[in-house]
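An overview of the molecular structure
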Amino acid sequence: MLNKPGDVVVRVLAVAGVIASLVFAGQGARAGTERAAGGTAGNAPGGTAKNAVGSAVENTAGSAVENTVGGAAGHAATWGPGRVSPVDDRGRLLFRFRDERITESSGLAVSPTHDGVYYTHNDSSAGPVFFAVGPGGRTRATFTLRGAASRDWEGMAASTDPRTGRGVLWFADIGDNFEGAWPDVSVYRVEEPTALADAVVPAVRYRFRYEDGGHNAEGIMVHPRTGRLYVVTKQFAGAVYQAPKRLRTDRVNVLREAGPAPIMATDAAYAPDGSSFVIRTYFSATVYRAPGQQIARVTMPDLEQAESITYTRDGRSLLTGTEGTRSPVYQVPLPETVLGTATPGPPSASRRAVPTSPPGPAAPLEATAVAGRESDDADAGVPTSSVLLWLAVAAGATGVIALIARITR
């Protein structure tokens, strides 16, 4: 007979776990993802396991807990590797990567100069290599960066050199699963190849450190008018960090906080006209005029592990992708509330964005004061309600395990 005070607590935790699991399963059917609220190793504060910190039980109450107490947000309403939900109003399937070497597409960018060409790269341990892919998903060329390393490549961006009109590609070796294990992180700048044929290309390496200590990050973006680089961290209290106006190769550049970012951001990109930027999370994407100044939330397709986002060249849609063999790229149209803020015409090298009142173009982030970290459910990459549910599930799972142990001992 269980009659000790501790047993009462165990029973309460068990009941909480059952209730929270049922609620979570309902929410997961809409936006669940295998790595929700915990992501890859070290993404949660002090994280040491790949699927740790507040993830959930699989699908329904009583399901097995994956890996550890708290497990991973099971496979609640997710699909197998490289699979996606059927096409619906959240976007259309643009193509799938056909190259068997592309197994962990972690960055995505549209070519500034080659029509119908998209760039991607794999995650860590894949070498400093990127792929040029055609509209049907077939690889047209593979490029290797000379003298570069790929410790943990997590994102990329594309821009245009205002002096030459030539495309520029940026590759971010910014993953840090131990939140400060590396003394600095790197971003490589590559002039876009003029010919789509396999080649080794030179790269310029810029080293960075954060002003307030190490962070894990997966997103970079480059302002199309100013050319300034930004890094978006992937944390429960994430932030947008801006690089110096002039990058140096002879010393470490300091990244300074420019404003808040949604919870667990996995990628980011600037609109082609510089009027706004988007930040992707595992669940959705949010378009901002400036840090903390949300324009709209954009519903995304259900992907197993949403890792990348970028704009189409005309700025009217978003492209988003995921990891896995033959992984898909979806095109998601932007709502009119976002398109109404766009600046007509292509970006001009001679015109610098300045602060304006809505619905004018966005100011560069360096002109924006650091915003407060308070954010409501509408602005969070993972809504606060979901975080609370995960915590309840974790507590409930602990109670269930403890209850079983007491009954069977």
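A short tour of the structure in this document, coming up. (Residues numbered from 1 in each chain as written. Predicted model: local features only at pLDDT ≥ 70, side-chain atom pairs only at ≥ 80, totals over all residues. Heavy atoms only, no water.)

1. Side note on the environment of K245
Structurally, the position occupied by K245 is in the loop between β13 (239–242) and β14 (253–260). Residue K245 is classed as exposed on the basis of its relative accessible area of 64%. Sequence spacing of K245 and L229 is 16 residues, and the spatial spacing of their C-alpha atoms is 8.1 Å. (Helix = DSSP H or I, 4+ residues; strand = E, 2+ residues; numbered from the N terminus. Buried < 20%, exposed > 50% of the residue type's maximum accessible area, 1.4 Å probe, protein only.)

2. Some points on the nonpolar core
Core analysis: the largest hydrophobic core is formed by 20 residues, its most contacted members being W170, I174, F208 and I220. Only β7 (167–173), β8 (185–191), β10 (204–210), β11 (217–222), β12 (229–233) and β13 provide two or more residues apiece to this core. Look past the residues within four positions of W170 in its chain and what remains in contact with it is G155, M156, A157, S159, V187, Y188, R189, Y206, I220, V222 and L247. (Core = buried A, V, L, I, M, F, W, Y, C linked by side-chain atoms within 4.5 Å. Contact = heavy atoms within 4.5 Å.)

3. Things to note about the packing of aromatic side chains
When we look at a pair of aromatic rings, we describe it by the centre distance and by the angle of the planes. Across all of its chains, the model carries 12 aromatic pairs by this definition. For the pair F130 and F143, a centre-to-centre distance of 5.1 Å together with 25° between the ring planes defines the contact as stacked. A residue pair is termed long-range when its members are at least 10 positions apart, and F130 in strand β4 (residues 129–133) and F143 in strand β5 (residues 139–146) qualify at 13 residues. Taken individually, F130 and F143 each receive the classification buried, so the pair is uniform in this respect. In this structure an aromatic cluster arises from ring pairing among Y119, F130, F143, W153, F171 and Y188. For the cation-ring pair, R151 lies above W182, with the distance from its terminal atom to the ring centre recorded as 4.2 Å. (Phe/Tyr/Trp six-rings, centres within 6.5 Å; stacked < 30°, edge-to-face > 60°. Lys NZ or Arg CZ within 6 Å of the ring centre and 35° of its normal.)

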